[in-house]
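Survey of secondary and tertiary structure
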Amino acid sequence: LIINRDGDRFEDPSEQAQTLQIYIDLVLGSIEGVEERVIQHINSNGKTELVFRKEEFPYPAETAVQIAIKIKEALESHPQSFRTTIGIGSGFAWNGTVGNSKRSEFTFIGAPIESAHYLASQKSTENTIVDIWIDQETSRRLDPDQFALSETYEIQSIERVPITAFTVEKGP
């Protein structure tokens, strides 16, 4: 799950980052046992990454979407709402420190990470505060009784490879 915030509503981007972090912490803390099992990382581009490992969560895609929906609800209730896009990709990924002795950084690598980053970079489809975009693999892993998917979107990635994407909401 990648969270990309649009900095146009706050004069100080760090204030916006702090506000977003407060909501993430509230949401993660509100679900028993989740906060200590999620890997949380803010990358060098300022995007927040939340990783749900299969070893920790029996249904990581559903957990990621449920938490994204809770973050969306929390942000939309904020009096100073700001545009935020959440991208979710599913599949195998790796994490660790990359670089050399002069500069290294912790990162996540893999197709679902790239997909989530790209989806989090998408602009809104409607006049909404928060959009949640998921890739096709994530959509396959969701219970259709719990989640409502939008129509299918074909989005061109940076490498010009099409990504099949959906927006997602709470189900019926």
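Since the structure is predicted, the reported quantities are computational estimates derived from the model, not experimental observations.

So, how was this worked out
- Residues numbered from 1 in each chain as written.
- Predicted model: local features only at pLDDT ≥ 70, side-chain atom pairs only at ≥ 80, totals over all residues.
- Heavy atoms only, no water.
- Patch = residues over 30% accessible without salt bridge, like charges linked within 9 Å, V, L, I, M, F, W, Y side chains within 5 Å.
- Areas by Shrake-Rupley, 256 points an atom, 1.4 Å probe, with all protein chains shown as cover.
- Salt bridge = Lys/Arg side-chain N within 4 Å of Asp/Glu carboxyl O.
- Helix = DSSP H or I, 4+ residues; strand = E, 2+ residues; numbered from the N terminus.
- Buried < 20%, exposed > 50% of the residue type's maximum accessible area, 1.4 Å probe, protein only.
- Pairing = 2+ DSSP bridges.
- Lys, Arg positive; Asp, Glu negative; His and termini not counted.
- Charge placed at Lys NZ, Arg CZ, Asp CG, Glu CD.
- Core = buried A, V, L, I, M, F, W, Y, C linked by side-chain atoms within 4.5 Å.
- Contact = heavy atoms within 4.5 Å.
- pLDDT = per-residue confidence, 0-100.

Focus: a nonpolar patch on the surface
Taken together, the side chains of Phe 92, Trp 94, Val 98 and Ile 109 define a hydrophobic patch exposed on the protein surface, amounting to about 500 Å² of accessible area. Positionally, Ile 109 belongs in strand 6 (residues 104-109).

Quick notes on the environment of Gln 122
Take Gln 122: it is sitting in the loop between helix 3 (111-120) and strand 7 (130-135). Take Gln 122: its relative accessible area is 18%, and that puts it in the buried class.

Remarks on the pairing of strand 5 (residues 94-99)
Two faces make up the sheet, and in a regular strand the side chains alternate between them. When you tally the buried positions in strand 5, you get zero out of six residues, a small fraction of the element. Direction of pairing for strand 5 relative to strand 6: antiparallel, over a ladder of six bridges. Bridging from a neighbouring strand, Thr 97 pairs with Phe 106 of strand 6. Hairpin connection from strand 5 to strand 6: four residues lie between these consecutive antiparallel strands.

Some words on the pairing of strand 4 (residues 84-88)
For strand 4, the tally of buried residues reaches five of five residues, placing the bulk of the element in the interior. Bridge count between strand 4 and strand 7: five bridges; the pairing is parallel. Within the sheet, the bridge partner assigned to Ile 86 lies in strand 7 and is Ile 132.

Structural notes on a negative patch on the surface
On the surface, a cluster of negative charge is made up of Asp 25, Glu 32, Glu 35 and Glu 36. Locating Glu 32 in the fold gives a position in the loop between helix 1 (13-30) and strand 2 (39-42). Under the relative-accessibility criterion, Glu 32 is labelled exposed at 78%.

Considerations on the pattern of salt bridges
Applying the stated criterion across every chain, the model contains four salt bridges. For Arg 140, the salt bridge is made with Glu 137, and the minimal N-O distance between the two is 2.9 Å. A residue pair is termed a helical-turn pair when its members lie 3 or 4 positions apart in one helix, as Arg 140 and Glu 137 do in helix 4 (residues 136-140) at three residues. On the accessibility criterion, Arg 140 (57% relative accessible area) is exposed. Bridged by salt links that share partners, the residues Glu 137, Arg 140 and Arg 141 form one connected network.

Side note on the nonpolar core
By size, the foremost hydrophobic cluster in this structure holds 30 residues, and its most contacted members are Leu 1, Leu 50, Ile 71, Ile 86 and Ile 88. Counting residues per element, the ones that place at least two in this core are helix 1, helix 2 (60-76), strand 4, strand 7 and strand 10 (162-170). Take this core: its biggest share by element is nine residues, from helix 2. For Leu 1, the contacting residues outside a window of four places in its chain are Thr 48, Glu 49, Leu 50, Phe 52, Ala 64, Ala 68, Ile 86, Gly 87 and Ile 88.

Considerations on the confidence of the model for the protein
Per-residue confidence for the protein gives a mean pLDDT of 79, with 83% of residues at or over 70. Summarising per-element confidence for the protein, the mean pLDDT is lowest in strand 2 (73) and highest in helix 4 (91).

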